[in-house]
Amino acid sequence: GMETIGSQALGALHSEKFVFVCQKGALITSLVLIPLGFLWWYSGELFYLIISDKELASMAGKCMKDIIPGLFGVALFEWGKRYLQTQQIGGPVFWS
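Here's what I pulled together on the structure shown here. Since the structure is predicted, the reported quantities are computational estimates derived from the model, not experimental observations. (Residues numbered from 1 in each chain as written. Predicted model: local features only at pLDDT ≥ 70, side-chain atom pairs only at ≥ 80, totals over all residues. Heavy atoms only, no water.)

1. Some points on the environment of Ser7
Thinking step 1. Assignment of secondary structure puts Ser7 in helix 1 (residues 2-11).
Thinking step 2. Residues Ser7 and Thr86, spaced 79 residues apart in sequence, show a C-alpha to C-alpha distance of 5.3 Å. (Helix = DSSP H or I, 4+ residues; strand = E, 2+ residues; numbered from the N terminus.)

In structure tokens form, the structure reads like this:
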């Protein structure tokens, strides 16, 4: 993944390749999130086809619309975490 290729680029002192890997990761993330956001926005209508209870389908669709901004926040967090892990900055996100 990004950690392996980015670490190799940094280890070989090719910072321009490291920047390219980071930009590519951000682009791929964006290309995945935009259609996923549209899918989540219209998920209420899709739930009508699957769930027989129309009120439940409507509430589930509203919930999906409400968590779309969180989707982008989580993506930014994951991308930033991998960026820092590539540079061997930081530790585990969760300690038990």
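Still to come is the rest of the account.
2. What about helix 4 (residues 54-66)?
Thinking step 1. Between its first and last C-alpha atoms helix 4 spans 18 Å; for 13 residues at 1.5 Å apiece the expected length is 18 Å, and the two agree.
Thinking step 2. Listing the buried residues of helix 4 in full gives Ala57, Gly61 and Met64. Taken around the axis of helix 4, the buried residues stretch over an arc of 60 degrees, which confines them to a single face. Facing away from the buried side of helix 4 by more than 90 degrees, the exposed set consists of Glu55 and Lys62.
Thinking step 3. Where helix 4 is buried, its residues meet helix 2 (15-41), helix 3 (43-50) and helix 5 (68-86).
Thinking step 4. You can read the cap of helix 4 off the contacts: a side-chain oxygen lies 3.3 Å from the backbone nitrogen of Glu55, and it is on Asp53. (Expected span 1.5 Å × (residues − 1). Buried < 20%, exposed > 50% of the residue type's maximum accessible area, 1.4 Å probe, protein only. Arc of directions from axis to C-beta. Contact = heavy atoms within 4.5 Å. Polar contact = N/O pair within 3.5 Å; in protein donor to acceptor, adjacent residues only side chain to side chain.)

3. A word on helix 5
Thinking step 1. For helix 5, with 19 residues, the first-to-last C-alpha span of 28 Å sits near the 27 Å given by 1.5 Å per residue.
Thinking step 2. Buried residues of helix 5: Ile68, Leu71, Ala75 and Thr86, and no others. Taken end-on, helix 5 shows its buried residues confined to a sector of 40 degrees, consistent with a single buried face. Exposed residues pointing more than 90 degrees away from the buried face of helix 5 are listed as Pro69, Val74 and Leu76.
Thinking step 3. Residue Gln88 follows helix 5 closely and has a positive phi angle near 60 degrees.

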